[in-house]
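Descriptive structure summary
The lines below spell out each chain.
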Amino acid sequence: MSRFPDGFLWGGALAANQVEGAWDVDSRGPSVADIATYKPNVDPKEYAAHHVVTSEGIAAALADRDVTYYPKRRGIDFYHRWREDLALFAELGFGVLRVSIAWSRLYPTGEEETPNPAGVAFYRELFTEMRRLGIEPLVTLSHYEMPIHLATAYNGWSDRRVIELFVRFATTCFTEFGSLVKLWLTFNEIDSIRRHPFTTAGVIEDKSPQGLEQAVYEALHHQFVASALVTQLCHELIPGSRMGCMLTKLTTYPLTCEPEDVAAAQAKNLENHFYTDVQTFGVYPRLILTDLERRGITLPILPGDEELLAAHTADFVSFSYYMSMTESVSPDAERTPGNTVLGVKNPYLPSSEWGWQVDPVGLRISLIELYDRYRKPLFVVENGLGARDELTADGKIHDPYRIAYFRSHLREMRRAVEQGVELLGYTSWAPIDMISASSSQISKRYGFIHVDFDDLGNGSGQRRKKDSFNWYQRVIASNGASLDEE
Ligand code: BGP
């Protein structure tokens, strides 16, 4: 098979907080993303350590109306330029576009009884135009865009009352946009709550007298309950709809065949799968429950929760894949960063400028592993290469390195499909340059489309096609057959 199955959904993925900007326009409320700062002098390998958030830091950031060092407040001005961008995505031939709905654009504090009409109008126009262009919306309900008021007033998802507020937000999304949107995702990279609990769940350490780790698992349980509730609602309110869960797939290899290395890698993979296990099997894995008990963590499970989780599981499993990891028990093993993680360096793999290890075979391994585990359709909703692109004097961007990354990964993805993996589609991260989630840089460019902004927001915002634009356009037009061209 040189082509993908008929009806395979080719496209790209965006996140509202990384593209929209307009952070305080048309009554949008501040979100947890709006205090993320660009740190021009921090080694990209150290960014994860800079995600410590305090109540004092939040107050200071919100008092600062400047946008220069808060890149997510301006994004790439998608809020005003989205028609031009959709036209470019349609020119690429997209059958699907993944976007998120910024919770704080519909519910500025999260507590309102009714949604912000301007926010509803924006997303209705966006989805209507996508449909007109023949692009299927794939919509993430929560992609690091929680109203920051819910973090400061409730300590985020650690407070069970946030479930009801999220259900109110999701119900608005389903009733307002259900005629336009059939494919939904609950929580982006739900597993990332342990790596950056504020961004993912609005949890703040100095508001967690129970201890940060206990607060994180309380928040995670509430997100699992909310995930089941909105899956049930989605099915009830939108006939023919499908709700997926979404995981950061961090496939981890043992550095050697020394059994303790193998056990260390196994532990990492079990922990990574825990989240989609709950959302797909509808039950907490016994190995995880035993480990939590050993660590003195108590899950706030109320009567009825477990029945809810079991009754409303995900229809499909989606995931992001950028790089693979390696693990070893050796204290001397050299480490390298990945997607907000720090793994052992794999001597067989090259690394991106940000240290992420490039492993196309790892995508095939991940697809086979997840399909065999869950026996449900899969969807690759993030995959791509962050790199520094150069704009030539004549306004071109030659990015053979990005073409090479995608060609190798898509070939391996096709091999997994040939082996029988049921794959619904693929949305690259990202079709257009945007603000990086972890570093708030735009200079870490992912797009097939270049955006003329620098890390401090200087530039025209002009969109330009990179060489990879035409390459991906051919991949889509040929449904993958052009991947065999050199
Ligand atoms: C994932 C996020 C995306 C995207 C991606 C790339 O974790 O779901 O929002 O940002 O990472 O990472 P980064 O932007 O940090 O380079």
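Let me begin by describing the structure that accompanies this report.

Conventions and cut-offs
- Residues numbered from 1 in each chain as written.
- Predicted model: local features only at pLDDT ≥ 70, side-chain atom pairs only at ≥ 80, totals over all residues.
- Heavy atoms only, no water.
- Helix = DSSP H or I, 4+ residues; strand = E, 2+ residues; numbered from the N terminus.
- Rg over C-alpha atoms; globule rule 2.2 N^0.38 Å.
- Buried < 20%, exposed > 50% of the residue type's maximum accessible area, 1.4 Å probe, protein only.
- Contact = heavy atoms within 4.5 Å.
- Areas by Shrake-Rupley, 256 points an atom, 1.4 Å probe, with all protein chains shown as cover.
- Lys, Arg positive; Asp, Glu negative; His and termini not counted.
- Charge placed at Lys NZ, Arg CZ, Asp CG, Glu CD.
- Near = heavy atom within 4 Å.
- Polar contact = N/O pair within 3.5 Å; in protein donor to acceptor, adjacent residues only side chain to side chain.
- Axes fitted to C-alpha atoms, helices over the stretch in contact; angles between N-to-C directions.
- Parallel < 35°, antiparallel > 145°, perpendicular 65-115°, else oblique.
- Nonpolar A, V, L, I, M, F, W, Y, C, P; charged D, E, K, R; others polar.
- Expected span 1.5 Å × (residues − 1).
- Bend = angle between axes of the 7 residues up to and from the residue.
- Pairing = 2+ DSSP bridges.
- Core = buried A, V, L, I, M, F, W, Y, C linked by side-chain atoms within 4.5 Å.
- Left-handed = near helix turned anticlockwise from the far one by under 90°.
- Salt bridge = Lys/Arg side-chain N within 4 Å of Asp/Glu carboxyl O.
- Phe/Tyr/Trp six-rings, centres within 6.5 Å; stacked < 30°, edge-to-face > 60°.
- Lys NZ or Arg CZ within 6 Å of the ring centre and 35° of its normal.

All right, on to the overall build of the chain then. Along the backbone of the chain there are 15 helices and 14 strands. By the compact-globule yardstick of 23 Å for 486 residues, the chain fits well, its C-alpha radius of gyration being 21 Å. Within the chain, buried positions represent 61% of all 486 residues. If you take every contact in the chain between residues at least 6 apart in sequence, the share linking residues at least 24 apart comes to 76%. Put simply, the chain shows about 17,900 Å² of open surface, and 53% of that area lies on carbon and sulfur atoms. Treating the 48 positive side-chain charges of the chain as one cloud and the 65 negative ones as another, the clouds have centres 3 Å apart.

With that out of the way, let us pick up the site of the ligand. Not every one of the 14 residues close to the ligand is listed here, only the nearest: Gln18, Glu189, Ala437, Ser438 and Tyr446. In this structure, alanine 437 approaches the ligand through a main-chain N or O atom, which is 2.7 Å from an oxygen atom. Between the ligand and tyrosine 446, the relevant distance is 2.6 Å, taken from an oxygen atom to a side-chain nitrogen or oxygen of the residue. Contact with the protein chains covers 98% of the free accessible surface of the ligand, which is 370 Å².

We now examine the packing of helix H3 (residues 78–92) against helix H5 (residues 117–132). Packing of H3 against H5 brings their axes to within 11 Å, and their N-to-C directions diverge by 5°. The angle between the axes of H3 and H5 places the two elements in the roughly parallel class. On the side of H3, the interface is formed by Phe78, Tyr79, Trp82, Arg83 and Leu86, while H5 contributes Phe122, Glu125, Leu126, Glu129 and Met130. Within the contact of H3 with H5, the residues separate by chemical class into 7 nonpolar, no polar and 3 charged.

A few words now on the side chain of threonine 336. With respect to the element layout, threonine 336 can be found in strand S9 (residues 335–337). Within the structure, the side chain of threonine 336 is placed 2.9 Å from the backbone oxygen of glycine 355, a separation counted as a polar contact. Not counting residues within four places of it along the chain, the set of residues in contact with threonine 336 comprises Val341, Leu342, Gly343, Val344, Lys345, Gly355 and Gln357.

With 15 residues, H3 extends only 18 Å from end C-alpha to end C-alpha; this falls clearly short of the ideal 21 Å at 1.5 Å per step. Within H3, the axis deviates most sharply at glutamate 84, by approximately 40°. If you check which residues of H3 are buried, you get Phe78, Tyr79, Trp82, Asp85, Leu86, Leu88, Phe89 and Leu92. One or two steps after H3, the chain reaches glycine 93, where phi turns positive at roughly 95°.

Of all 7 residues making up strand S3 (residues 136–142), 7 are buried, and the element is well covered by its neighbours. Across 5 bridges, the pairing between strand S2 (residues 96–100) and S3 is parallel. Residue pairing for S3: arginine 98 is matched across the bridge by leucine 138. Pairing geometry for S3 and strand S4 (residues 183–187), over 4 bridges, is parallel. Each residue of the ladder has a partner; that of threonine 140, found in S4, is leucine 185.

Attention now moves to the sheet that holds strand S12 (residues 423–428). If you walk around this closed barrel you meet the 8 strands as S1-S2-S3-S4-S5-S7-S11-S12, and the pairing is parallel. On average, each strand axis in the sheet is inclined to that of its neighbour by 25°, with strand direction left out of account. The strands touched by helix H10 (residues 259–281) are S4, strand S5 (242–248) and strand S7 (316–320); relative to S5, the strand with the most contacts, the crossing angle is about 165°.

What follows covers the nonpolar core. One finds Phe127, Trp157, Trp184, Met413 and Tyr472 to be the most contacted residues of the largest nonpolar core, which totals 139 residues. Not counting chain neighbours up to four residues away, the residues in contact with tryptophan 157 comprise Trp103, Met146, Val162, Ile163, Phe166, Phe187, Ala201, Glu218, Ala219, His222, Gln223 and Ala226. Counting residues in each nonpolar core, the second largest holds 10 residues, with Leu9, Leu185, Phe316 and Val381 among its members.

The end-to-end C-alpha separation of helix H13 (residues 360–374) is 22 Å, in line with the 21 Å expected for 15 residues at 1.5 Å each. Buried residues of H13: Pro360, Gly362, Leu363, Arg364, Ser366, Leu367, Leu370 and Tyr374, and no others. Immediately beyond the C-terminal end of H13, within one or two residues, lies arginine 375, with a positive phi of roughly 55°.

Our focus in this paragraph is the packing of helix H9 (residues 212–237) against H10. Between H9 and H10, the shortest axis-to-axis distance is 10 Å and the interhelical angle comes to 35°. Every pair of crossing elements has a handedness; the one defined by H9 and H10 is right-handed. Taken together, the residues of H10 that come into contact with H9 (itself represented by Tyr217, Leu220, Phe224 and Ser227) are Phe274, Tyr275, Val278 and Gln279. Among the residues forming the contact of H9 with H10, the class breakdown is 6 nonpolar, 2 polar and no charged.

Tracing the backbone through its elements, the reader meets valine 380 in strand S11 (residues 378–382). Between the C-alpha atoms of valine 380 and glutamate 258, which are 122 residues apart in sequence, the distance is 32 Å. Discounting residues that sit within four places of it in the chain, valine 380 has contacts with Phe319, Leu363, Leu367, Met413, Leu423, Gly425, Tyr426 and Thr427.

Right, let's get into the pattern of salt bridges. For the coordinates displayed, the defined rule picks out 35 salt bridges. For arginine 295, the salt bridge goes to glutamate 213, with nearest N and O atoms at 2.5 Å. Taken together, the positions of arginine 295 in the loop between helix H11 (286–294) and helix H12 (305–311) and glutamate 213 in helix H9 put the pair 82 residues apart, joining distant regions of the chain. When its relative accessible area of 26% is taken as the criterion, arginine 295 is described as partly exposed. For lysine 466, the salt bridge goes to aspartate 389, with nearest N and O atoms at 2.5 Å. Separated by 77 residues along the polypeptide, lysine 466 in the loop between strand S14 (463–465) and helix H15 (467–477) and aspartate 389 in the loop between S11 and helix H14 (400–418) bring together distant segments of the chain.

Applying the stated rule across the entire model yields 33 aromatic pairs. Centroid distance phenylalanine 281 to tyrosine 374: 5.2 Å. Interplanar angle 45°. Geometry classified as tilted. Here phenylalanine 281 is found in helix H10, whereas its partner tyrosine 374 is found in helix H13, with 93 residues between them in sequence. A centroid spacing of 5.7 Å and a plane angle of 85° characterise the contact between tyrosine 405 and phenylalanine 406, whose relative ring orientation is edge-to-face. Phenylalanine 406 matches tyrosine 405 in its accessibility class, with the two residues each being buried. The side chain of arginine 73 reaches across the aromatic face of tyrosine 70, ending 3.8 Å from its centre. A cation sits over an aromatic face here: arginine 105 above phenylalanine 122, 5.8 Å from the ring centre.

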